[in-house]
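Notes for the structure review
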Amino acid sequence: MTRETHPYTTPARPLDLNLYLVTGEHPLETVQAAKHATCIQVRSKPISARELYQLTEAIAGIIQPHQTLLVDDRVDVALALRARGVRVDGVHIGQDDLPVADARALLGADAIIGLTTGTRQLVEESNKIARLIDYIGTGPFRPSPTKQSNRPPLGIDGLRELAELSAVPTVAIGDITPEDCPAIRTTGVAGIAMVRAFVDNPALQA
Ligand SMILES: Cc1ncc(COP(=O)(O)OP(=O)(O)O)c(N)n1
Ligand SMILES: Cc1nc(C(=O)O)sc1CCOP(=O)(O)O
Ligand SMILES: [Mg+2]
């Protein structure tokens, strides 16, 4: 494998969070078929740093030009791949990952950083660092077997409340199906993220 010599920087273009794929089972096959997705997050649990690094590089090699590519949790993995010129646009970090300020300092101003929220308090806290993030996840819409969020489900009204409260774009997540999307889109969220729905139907255009 030849080592790239020019670090990758995320192009300055509008961030399209509209149809947000979070990888689950069969990640490569799902991404390959999800050509309509606007944003791809590489998420796999449990996984080693090396395996996530290799999976992310493989996905970076098959995504569409219009798609934004993010790594879940691991700022170091995103940093290492970007330094090699691999097309990784940023990260999605949770409340237990690196602090946002450190992630931003490491990744630079061009990178995309998403942050998990899901309660009024977490959104109010994210508003205080809105200059450092590009969007927030707001979930769970409904309880999800994919991830135990340990937060009360938001439902349509909860999504709307957090979308109105947030100073940055919001992405709905948590047990969302294509049938939910029309109602969710009325809440003011900037995007809808799904795991199982994409695994079950990678070509969905919800
Ligand atoms: C878009 C989006 N929203 C929320 C999450 C959850 O992230 P996190 O809290 O880091 O939990 P894990 O996904 O790491 O289990 C997400 N990944 N993406
Ligand atoms: C990764 C994730 N985060 C959530 C949150 O509430 O922050 S819910 C979730 C899992 C979403 O998977 P599915 O679409 O299969 O329900
Ligand atoms: Mg995470």
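Since this is a predicted model, take the numbers as computed values, not measurements.

What follows concerns the side chain of Ser-126. Relative to the helices and strands, Ser-126 is located in helix H5 (residues 120–128). Relative accessible area serves as the criterion here: at 2%, Ser-126 is assigned to the buried category. A distance of 2.8 Å separates a polar atom in the side chain of Ser-126 from the backbone oxygen of Val-123. Those residues in contact with Ser-126 that lie beyond four places of it in its chain are Leu-115, Thr-117, Ile-133 and Ile-136.

Another point: the pattern of salt bridges. Enumeration according to the criterion identifies 13 salt bridges in this entry. Between Arg-120 and Glu-161 there is a salt bridge whose closest N-O contact spans 2.8 Å. Residue Arg-120 is located in helix H5, and its partner Glu-161 is located in helix H6 (residues 155–165); the two are separated by 41 residues in the primary sequence. Judged by relative accessible area, which is 40%, Arg-120 ranks as partly exposed. Exposure remark for Glu-161: the relative accessible area of 35% places this residue in the partly exposed category. The residue Arg-142 makes a salt bridge to Asp-180 at a minimum N-O spacing of 2.4 Å. Linking Arg-142 in the loop between strand S6 (135–138) and H6 with Asp-180 in the loop between strand S7 (170–173) and helix H7 (181–185), this pair joins segments that are 38 residues apart in sequence. When its relative accessible area of 30% is taken as the criterion, Arg-142 is described as partly exposed. The exposure class assigned to Asp-180 is buried, which follows from its relative accessible area of 13%. Connected through salt bridges with shared partners, the residues Arg-43, Lys-45, Asp-72 and Asp-73 form a single ionic network.

A word on the UniProt feature "binding site: 4-amino-2-methyl-5-(diphosphooxymethyl)pyrimidine" (unreviewed entry) in the protein chain. As recorded in UniProt, the feature "binding site: 4-amino-2-methyl-5-(diphosphooxymethyl)pyrimidine" (unreviewed entry) lies at Gln-41, Val-42, Arg-43, Ser-44, Lys-45, Asp-72, Thr-116 and Lys-147. Among the annotated residues just listed, those that line the largest pocket are Gln-41, Arg-43, Lys-45, Asp-72, Thr-116 and Lys-147. Among the structural elements, Gln-41 can be located in strand S2 (residues 39–42). By relative accessible area, Gln-41 is classed as buried at 5%. If sequence neighbours within four positions are ignored, Gln-41 has contacts with Tyr-20, Leu-21, Val-22, Thr-23, Leu-70, Asp-72, His-92 and Tyr-135. Classification of Lys-45 as partly exposed rests on a relative accessible area of 49%.

Here the focus is the layout of surface pockets. Its volume calculated, the largest pocket comes out at about 700 Å³. Every residue lining the largest pocket is counted, 37 residues in all, and those nearest its centre are Arg-43, Thr-116, Lys-147, Ser-149 and Ile-173. When residues of the lining of the largest pocket are traced back to their parent elements, those giving at least two are strand S1 (19–22), S6, S7, strand S8 (191–194) and helix H8 (196–200). Of the residues assigned to the lining of the largest pocket, the class counts are 13 nonpolar, 13 polar and 11 charged.

The alternating pattern of strand S4 (residues 90–93) places Gly-90 and His-92 on one face and Val-91 and Ile-93 on the opposite face, and all of these are buried. Pairing of strand S3 (residues 68–72) with S4, which is carried by three bridges, proceeds in the parallel orientation. Each residue of the ladder has a partner; that of Val-71, found in S4, is Val-91. Running through helix H3 (residues 75–83), the crossover from S3 to the neighbouring parallel element S4 is right-handed. Taken together, the four bridges between S4 and strand S5 (residues 112–116) define a ladder with parallel strand orientation. If you follow His-92 over to S5, its bridge partner there is Gly-114.

Parameters and conventions
Residues numbered from 1 in each chain as written. Chains lettered and ligands numbered in written order. Predicted model: local features only at pLDDT ≥ 70, side-chain atom pairs only at ≥ 80, totals over all residues. Heavy atoms only, no water. Helix = DSSP H or I, 4+ residues; strand = E, 2+ residues; numbered from the N terminus. Buried < 20%, exposed > 50% of the residue type's maximum accessible area, 1.4 Å probe, protein only. Polar contact = N/O pair within 3.5 Å; in protein donor to acceptor, adjacent residues only side chain to side chain. Contact = heavy atoms within 4.5 Å. Salt bridge = Lys/Arg side-chain N within 4 Å of Asp/Glu carboxyl O. UniProt positions renumbered as here; feature names shortened; annotations may be inferred. 1 Å grid on protein atoms, 1.4 Å probe; cavity = no way out; pocket = protein on both sides within 12 Å on 5 of 7 lines; lining within 4 Å. Points joined across faces, edges and corners; volume = space filled by probe spheres on them. Nonpolar A, V, L, I, M, F, W, Y, C, P; charged D, E, K, R; others polar. Pairing = 2+ DSSP bridges. Right-handed = clockwise from strand over helix to strand, strands pointing away.

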